[in-house]
Amino acid sequence: QVQLVESGGGLVQPGGSLRLSCAASGSISSINAMGWYRQAPGKQRELVAKIISGGSTNYADSVKGRCTISRDNAKNTVDLKMNSLKPEDTAVYYCYARIVTHYFFNENDYWGQGTQVTVSS
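Time to look at the sheet that holds strand β8 (residues 77-82). Judged by pairing direction, the sheet is antiparallel, and its 4 strands sit side by side in the order β1-β3-β8-β7 without closing on themselves. Every interior strand has two partners, whereas the edge strands, β1 (3-7) and β7 (67-72), have only one. Averaged over all adjacent pairs, the angle separating strand axes in this sheet is 15°, with direction ignored. In this structure, β7 lies alongside β8, joined through 6 bridges in antiparallel fashion. The residue bridging Asp-72 from the neighbouring strand is Thr-77, located in β8.

What follows is the structure in structure tokens.
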């Protein structure tokens, strides 16, 4: 089974920085994309950033310029560096990966358990 394990969440002051990390493991044939989504209470889950094979990245407009996503293909990890954090960044952040396993040819999305990020003084 594919597992995504997140780390790095916590409490940070406005204007501070945080780095989220996610490691994928399991019967992985290929990872076509990795990234981060977030969901605040009462709101829909939204894309924060993603990176696909080849290095192309996408960022939500709300975080563009403040966040940097990177991927270590050898370790199947993805990191999200967040700077100049704002209270509106408070949410549960979920790692995701679009993965083809050794047993199924179609790609599927896999999700981590979520890690809380709270931006508050």
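Having seen the model, we can carry on.
The backbone phi angle of Asn-76 is positive, close to 55°, even though this residue is not glycine. Tracing the chain through its elements places Asn-76 in the loop between β7 and β8.

We now examine the nonpolar core. Leu-20, Trp-36, Val-78, Leu-80, Met-82 and Tyr-93 are the most contacted members of the largest nonpolar core, which totals 30 residues. When residues in this core are grouped by element, the largest group, 5 residues, is from strand β9 (residues 91-101). Beyond its immediate chain neighbours, meaning those up to four positions away, Met-82 contacts Gly-16, Ser-17, Leu-18, Leu-20, Arg-66, Cys-67, Tyr-93 and Val-117.

For the rest of this paragraph, the subject is the state of the cysteines. Defined simply, a disulfide is a covalent bond joining two cysteines at their sulfur atoms. Under the definition given, this model contains 1 disulfide. Each disulfide pairs two cysteine sulfurs, and for Cys-22 the partner residue is Cys-95, the sulfurs being separated by 2.0 Å. Across the S-S bond linking Cys-22 and Cys-95, the dihedral sits near -85°, which makes this disulfide left-handed. Linking Cys-22 in strand β3 (residues 18-25) with Cys-95 in strand β9, this pair joins segments that are 73 residues apart in sequence. The residues Cys-22 and Cys-95 share a single accessibility class, namely buried. A disulfide-free cysteine, Cys-67 has its sulfur positioned 15 Å from the sulfur of Cys-95, the nearest such atom. The exposure class of Cys-67 is buried, given its relative accessible area of 7%.

What counts and what doesn't
- Residues numbered from 1 in each chain as written.
- Predicted model: local features only at pLDDT ≥ 70, side-chain atom pairs only at ≥ 80, totals over all residues.
- Heavy atoms only, no water.
- Pairing = 2+ DSSP bridges.
- Helix = DSSP H or I, 4+ residues; strand = E, 2+ residues; numbered from the N terminus.
- Axes fitted to C-alpha atoms, helices over the stretch in contact; angles between N-to-C directions.
- Core = buried A, V, L, I, M, F, W, Y, C linked by side-chain atoms within 4.5 Å.
- Buried < 20%, exposed > 50% of the residue type's maximum accessible area, 1.4 Å probe, protein only.
- Contact = heavy atoms within 4.5 Å.
- Disulfide = S-S within 2.5 Å.

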